[in-house]
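Below, each chain spelled out in residue letters.
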Protein chains: 2
Amino acid sequence: MTRVAMEGKVLNENEKAAGELRAEFARHGVFVVNLIGSPGCGKTALLERTLQSYDPGRRVAVLTGDIQTDADAERLGRYGFPARQITTAGACHLDARMVRKALEGWDLAKLDVLFIENVGNLVCPTSYDLGEAHKIVLLSVTEGEEKPLKYPGIFFKASLMVMTKVDLLPYVPFKADLAEQNARQIHPEIEVVRVSVTTGAGMDRWLGWLDQSSITGLISS
Amino acid sequence: MTRVAMEGKVLNENEKAAGELRAEFARHGVFVVNLIGSPGCGKTALLERTLQSYDPGRRVAVLTGDIQTDADAERLGRYGFPARQITTAGACHLDARMVRKALEGWDLAKLDVLFIENVGNLVCPTSYDLGEAHKIVLLSVTEGEEKPLKYPGIFFKASLMVMTKVDLLPYVPFKADLAEQNARQIHPEIEVVRVSVTTGAGMDRWLGWLDQSSITGLISS
């Protein structure tokens, strides 16, 4: 078997597992988002601020992927919502089977929203469906506005781009409008919110997008 | 063949091609470094500032990897030194065969230093030897000081960590000393330089490391 054929087989198996997960999420009415971005783009920080803003009664949970360490689950577990680490032991992305295994013992009927934080990587996680309703790509203003053109795969597949760390805009040469334009060149319908977890700017729009999309998702499913 | 066996085979083939490249670099006295870091950590900017500082007579060249676009080769080509793009068409890392192909037509006897800028990714490029003398990992101060613990592979293999964007330290919660400590926890002998291409801080140490390592490399080879 060639390498390409082998990769195709792995992806096909993942598609199957992801399809089963998606059906299960739909059966229990769980809205699932898959957060993808570079190491250090602010995925965990965005989730922390999000959980912090939620009432204790919200039925949300988090899975967070890393190659090593369970530091993120520890950070995310402080807010009173279930949080579990998936340690990939070298793999550069999450796959659907890792997610299924990490969900063992959780009663999906008791969840409304599941956040999945992928391994920090703009490339490999793009190809692995996790049964999510939406992929969300994070791009921090410290990274450069050309990234959507250089890593088009994830910008094409993501429903939403969260531009993070906008409080740093005065100190970096990043052109925010051009970054949006580049993202829309790859994916004209992509939505964009600009956020700073430091100042709280844009958090209302991000939280609003989540609420709105989860309602739309449940109606359409 | 299992997936793991297949990956092993791919890596073995790469090792062979990388060994041939390394022998060829040694024969011609070319000092080769492989720059690895997240998207947006400042690889291209560091190389731009480096080339800018060199006399026109320096015998240096650059290969720069991206999934799409040849924007980086264009940026790097402005300084009068040979610069070529390797577009991986989806692959999340460079491999030795891509490097060999990109070198076609270049006379290695006319080069002293070759910079290879890898695809923006802290994970996958780590496993692919390109025949380089040193891997160099870049970590920007906007990424978080825990990254060496979360992505230990590259910090273990890199001879040098370049901490980039230190001009932003006043505006981010990054603890620079802790980041160095974390890197040394993974790799006690790793060298560290702190650089800002915006202010020029630390550039002398980075350029000094390159000059010193290329001399040491040639004596030992």
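None of these values were measured; they are calculated from a predicted model.

**Here we look at the sheet that holds strand β6 (residues 160-164) of chain B**
All names here are of chain B. Strand order in the open sheet formed by seven strands is β3-β2-β4-β1-β5-β6-β7, and the pairing between neighbours is parallel. Two strands close off the open sheet at either side, each with one partner strand: β3 (83-87) and β7 (191-194). Going across the sheet, the axis of each strand differs from the next one's by a mean of 20 degrees, ignoring polarity. As paired strands, strand β2 (residues 60-66) and strand β4 (residues 113-117) are joined by five bridges and run parallel to one another. Its bridge partner being in β4, L63 is matched across the sheet by I116. Together, β1 (31-36), β2, β4, β5 (134-140) and β6 form the strand contacts of helix α2 (residues 43-53), whose direction differs from that of β4 by roughly 160 degrees. Strands in contact with helix α7 (residues 176-186) are β5, β6 and β7; relative to β6, the strand with the most contacts, it is inclined by about 160 degrees.

**A closer look at the interface of chain B and chain A**
Chain B puts 37 residues into the contact, and the matching count from chain A is 37 residues. For the pair chain B and chain A, the summed buried area comes to about 2,700 Å², and 62% of that belongs to carbon and sulfur atoms. Inspection of the region where chain B meets chain A yields four salt bridges. Linking chain B with chain A are eight residue pairs in polar contact (both at pLDDT 80 or more). When residues of the side of chain B that touches chain A are traced back to their parent elements, those giving at least two are α1 (3-28), α3 (71-76) and α5 (147-150) of chain B. Taken together, the residues of the side of chain B that touches chain A sort by class into 17 nonpolar, eleven polar and nine charged.

**Digging into α7 of chain B**
Residue and element names in this part refer to chain B. Where α7 is concerned, the buried positions are A176, A179, E180, N182, A183 and I186. Buried residues along α7 cover an arc of 160 degrees about the axis, so they all sit on one side. In this structure, α7 carries D177, Q181 and Q185 as exposed residues pointing more than 90 degrees from its buried face.

**Focus: the relation of the copies chain B and chain A**
Overlay of chain B on chain A (RMSD 0.0 Å): rotation 180 degrees, translation along the axis 0.0 Å. The relationship between the two copies is best expressed as a two-fold rotation axis. When you check the interface residues of chain B against chain A, 100% turn up at the interface there too, and the contact is symmetric in its surfaces.

**Observations concerning unusual backbone geometry**
All names here are of chain A. Despite not being glycine, T69 shows a phi value in the positive range, around 70 degrees. Inspection of the secondary structure assignment puts T69 in the loop between β2 (60-66) and α3 (71-76). Note on T69: relative accessible area 27%, which makes it partly exposed.

**Description of empty space enclosed by the protein**
Evaluation of the coordinates by the stated rule reveals one cavity of 30 Å³ or more. Within this model, the largest cavity holds a volume of roughly 40 Å³. A breakdown of the residues in the lining of the largest cavity according to their chemical character gives four nonpolar, eight polar and three charged.

**Overview of the pattern of salt bridges**
For the coordinates displayed, the defined rule picks out 36 salt bridges over all chains. Notably, a salt bridge pairs K150 of chain B with D66 of chain A, separated by 3.5 Å at the nearest N-O pair. Note that K150 of chain B is positioned in helix α5 and D66 of chain A in strand β2, a pairing that runs across two chains. Neither K150 of chain B nor D66 of chain A differs from the other in exposure class; each is buried. A salt bridge links K175 of chain A to E145 of chain A; its shortest N-O distance comes to 4.0 Å. Taken together, the residues K175 of chain A in the loop between β6 (160-164) and α7 (176-186) and E145 of chain A in the loop between β5 (134-140) and α5 (147-150) connect sequence positions 30 residues apart. The structure contains a network of salt bridges with shared partners spanning E48, D66, D72 and R75 of chain A together with E146, K147 and K150 of chain B.

**Quick word on the packing of aromatic side chains**
Throughout the structure, instances matching the rule amount to one aromatic pair over all chains. Both rings, one in Y171 of chain A and one in Y171 of chain B, keep their centres 3.5 Å apart while their planes meet at 5 degrees; by these two values the pair is stacked. Residue Y171 of chain A is found in the loop between β6 and α7, and its partner Y171 of chain B is found in the loop between β6 and α7; the two belong to separate chains. Over the ring of Y54 of chain A we find R58 of chain A; its NZ or CZ atom is 4.0 Å from the centre of that ring.

**Here we look at the nonpolar core**
The nonpolar side chains of soluble globular proteins are, as a tendency, buried together. Counting residues in each nonpolar core, the largest one holds 92 residues, and the members touching the most others are L63, L103, L114 and M161 of chain A together with L103, L114 and M161 of chain B. In this view, L103 of chain B contacts L21, F25, L63, R84, L108 and L114 of chain B; residues no more than four positions away in its chain are not counted.

**Focus: the sheet that holds strand β3 (residues 83-87) of chain A**
All names here are of chain A. What the seven strands build is an open sheet, ordered β3-β2-β4-β1-β5-β6-β7; its pairing is parallel. The sheet terminates laterally at β3 and β7 (191-194), the two strands that pair on one side only. Neighbour to neighbour, the strand axes of the sheet diverge by 20 degrees on average, direction disregarded. Packing against the sheet, helix α2 (residues 43-53) makes contact with β1 (31-36), β2, β4 (113-117), β5 and β6, and its axis sits at approximately 160 degrees to β4. Sheet strands touched by α7: β5, β6 and β7. Its angle to β6, the strand with the most contacts, is close to 160 degrees.

**Digging into the pairing of β6 of chain B**
One face of the sheet, then the other: side chains in a regular strand alternate in exactly this way. All names here are of chain B. Within β6, five of the five residues are buried, which leaves it mostly tucked inside the rest of the structure. Here β5 pairs with β6 via five bridges, running parallel. Bridging from a neighbouring strand, L138 pairs with V162 of β6. When β6 meets β7, the two strands line up parallel, connected through four bridges. By the bridge assignment, M161 is partnered in β7 with V192. For the handedness criterion, the β-α-β arrangement of β6, α7 and β7 is classed as right-handed.

Conventions adopted
Residues numbered from 1 in each chain as written. Chains lettered and ligands numbered in written order. Predicted model: local features only at pLDDT ≥ 70, side-chain atom pairs only at ≥ 80, totals over all residues. Heavy atoms only, no water. Pairing = 2+ DSSP bridges. Helix = DSSP H or I, 4+ residues; strand = E, 2+ residues; numbered from the N terminus. Axes fitted to C-alpha atoms, helices over the stretch in contact; angles between N-to-C directions. Contact = heavy atoms within 4.5 Å. Buried area = accessible area lost by both parts, 1.4 Å probe. Salt bridge = Lys/Arg side-chain N within 4 Å of Asp/Glu carboxyl O. Polar contact = N/O pair within 3.5 Å; in protein donor to acceptor, adjacent residues only side chain to side chain. Nonpolar A, V, L, I, M, F, W, Y, C, P; charged D, E, K, R; others polar. Buried < 20%, exposed > 50% of the residue type's maximum accessible area, 1.4 Å probe, protein only. Arc of directions from axis to C-beta. Least-squares fit on C-alpha atoms with pLDDT ≥ 70 in both. 1 Å grid on protein atoms, 1.4 Å probe; cavity = no way out; pocket = protein on both sides within 12 Å on 5 of 7 lines; lining within 4 Å. Points joined across faces, edges and corners; volume = space filled by probe spheres on them. Phe/Tyr/Trp six-rings, centres within 6.5 Å; stacked < 30°, edge-to-face > 60°. Lys NZ or Arg CZ within 6 Å of the ring centre and 35° of its normal. Core = buried A, V, L, I, M, F, W, Y, C linked by side-chain atoms within 4.5 Å. Right-handed = clockwise from strand over helix to strand, strands pointing away.

Structural measurements only, silent on function.
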